[in-house]
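Read off the chains here:
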Amino acid sequence: MKKALSLIIASVLGFTLLTGCGSSASKPSETASGSAGAAQSAASSGAAGAASSGEKAETASVKTVEDGVLTMATNAYFPPYEYYDGDKVVGIDPDIAQAIADKLGLKLKIEDMEFDSIITAVQTGKADLGLAGMTVTPDRLKNINFSDSYAEGVQLIIVKDDSDITKPDDLKGKKIGVQLSTTGDIYASQDYGDDNVEKYNKGADAVMALIQGKVDAVIIDREPAKSYVAANKGLKLLDTSYVTENYAACISKDNEDLLNAVNGALKELKEDGTIQSILDKYINSK
Ligand code: GLN
């Protein structure tokens, strides 16, 4: 079930802690029944990458919410994948979406919303795709298609410096903070029981609860975890990962043409090194 314990070296990132303010989010629309392993195989067996000439050939056949525009839904409180720089949403996902839009001859528009609303926005035609450090899971695949994966995600555990929690097993009976409807929430609720999991609208709110002693640990994706630990004294990351998973773009089941076009673009962007250089720009070089 839980995969690949790997040593994670928490490097210091220059991202500002985005505390944000509480806003409402709807209840999780799915139950946790999948495993990271299943999610991974689902991701790798996803739609076959469409052959693409790279010359904006797909544009004619791709239908988007707004003509000539690729509308991306995201939750811009997930550094370095997406975060605000002034009033602009920047990060790995906006850069990747821009590169995809360029390949498809479309303009990119970014819509910021609660993480929990992204899949619905894509399903109901408010956005063309969701790019939000979103993990491919079997339950999500029931409602939405995922592109081929473009990055690996890892769920990590943040604790206070003086915590007696040193491994995932120590979380039994402890209060765990998570971001609502994320895989951290899904897996923690499954493994440690709903009663032990406190769900917050934003990852930053879960981290604040840890600082204030309202929870004993936070389970959250590695890259935002690194930035939270770097931005707040007295916190540390456990060096064992909790779950390893795949990030991909979610796209409506009704828009297979777009799925194929995005997979074609991603294939080229992987082959020519663009994806890796975007990841390096925000992660490895910090
Ligand atoms: N990777 C996690 C998920 O898909 C968290 C994503 C996020 O908070 N943006 O559930």
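Summary of the structure given here. (Residues numbered from 1 in each chain as written. Predicted model: local features only at pLDDT ≥ 70, side-chain atom pairs only at ≥ 80, totals over all residues. Heavy atoms only, no water.)

**Focus on the packing of aromatic side chains**
What counts, and what does not: A pair of Phe, Tyr and Trp rings is counted when the ring centres sit within 6.5 Å of each other, with Trp represented by its six-membered ring. The angle between the planes then sorts it: under 30 degrees is stacked, over 60 is edge-to-face, the rest tilted. A 1.4 Å probe rolled over the protein chains alone gives each residue an accessible area, and that area as a share of the maximum for its type sets the label: buried under 20%, exposed over 50%, partly exposed in between. Strands are runs of DSSP state E lasting at least two residues, helices are runs of H or I lasting at least four, and both sets are numbered from the N terminus onward. Only lysine NZ and arginine CZ atoms are considered, and such an atom sits over a ring when it is within 6 Å of the ring centre and within 35 degrees of the ring normal.
Under the defined criterion, the tally for this structure stands at five aromatic pairs. Look at phenylalanine 78 and tyrosine 81: their rings are 5.9 Å apart centre to centre, the planes differ by 45 degrees, and that puts the pair in the tilted class. Of the two residues, phenylalanine 78 and tyrosine 81, neither departs from the other in class, the shared state being buried. Consider the rings of tyrosine 81 and tyrosine 247, whose centres lie 5.0 Å apart with planes at 90 degrees: the pair is edge-to-face. Of this pair, tyrosine 81 sits in the loop between β1 (69-74) and β2 (83-85) while tyrosine 247 sits in strand β12 (residues 243-247), and the two are 166 residues apart along the sequence. Clustering of aromatic rings is evident, with ring pairs tying together Phe78, Tyr81 and Tyr247. Sitting above the plane of the tyrosine 77 ring, lysine 202 keeps its charged end 4.8 Å from the centroid.

**Focus: the side chain of arginine 222**
Inclusion rule: Any N or O atom pair separated by 3.5 Å or less is treated as a polar contact, with the protein-specific requirement of one donor-capable and one acceptor-capable atom, and with residues adjacent in sequence counted only for side-chain atom pairs.
Following the sequence through the fold, arginine 222 ends up in helix α7 (residues 222-231). A polar side-chain atom of arginine 222 sits 3.1 Å from a polar atom in the side chain of glutamate 223.

**Observations concerning the nonpolar core**
Under the convention used in this document: By nonpolar core we mean a set of buried residues, namely Ala, Val, Leu, Ile, Met, Phe, Trp, Tyr and Cys, connected to one another through side-chain atoms within 4.5 Å. It only takes one pair of heavy atoms within 4.5 Å for two residues to be counted as in contact.
Core analysis: the biggest nonpolar cluster contains 35 residues, and Leu70, Tyr81, Ile92, Ile96, Ile100, Leu129 and Tyr150 have the highest contact counts within it. For this core, the secondary-structure elements that each account for two or more residues are β1, α2 (92-104), α8 (256-271) and α9 (274-284). In this structure, leucine 70 is in contact with Ala97, Ile100, Ala101, Leu106, Lys107, Leu108, Lys109, Asp128, Leu129 and Leu258, ignoring residues within four places of it in sequence. With 17 residues, the next largest nonpolar core counts Val154, Leu156, Tyr200 and Val229 among its residues.

**Focus: the environment of isoleucine 110**
For isoleucine 110, the position within the fold is in strand β4 (residues 107-112). Taking C-alpha positions, isoleucine 110 is 9.9 Å from glutamine 98, a pair spaced twelve residues apart along the chain. In this view, isoleucine 110 contacts Met72, Thr74, Val89 and Pro94; residues no more than four positions away in its chain are not counted.

**Describing the pattern of salt bridges**
Working definition: two side chains of opposite charge can pair if their charged atoms are close together. As a reminder, the rule being used: Salt bridges are counted wherever a side-chain nitrogen of Lys or Arg sits within 4 Å of a carboxyl oxygen of Asp or Glu.
Here the structure, examined in full by the defined rule, presents 14 salt bridges. A salt bridge links aspartate 170 to lysine 167; the nearest nitrogen and oxygen atoms lie 2.9 Å apart. For lysine 167, a relative accessible area of 39% corresponds to the partly exposed category. For the salt bridge of lysine 267 with glutamate 271, the shortest nitrogen-to-oxygen distance reads 3.3 Å. With lysine 267 and glutamate 271 both in helix α8 and four residues apart, this pair spans about one turn of that helix. Accessibility expressed as a relative area gives 43% for lysine 267, which makes it partly exposed. Accessibility expressed as a relative area gives 60% for glutamate 271, which makes it exposed.

Keep in mind these numbers describe shape, not what the thing actually does.
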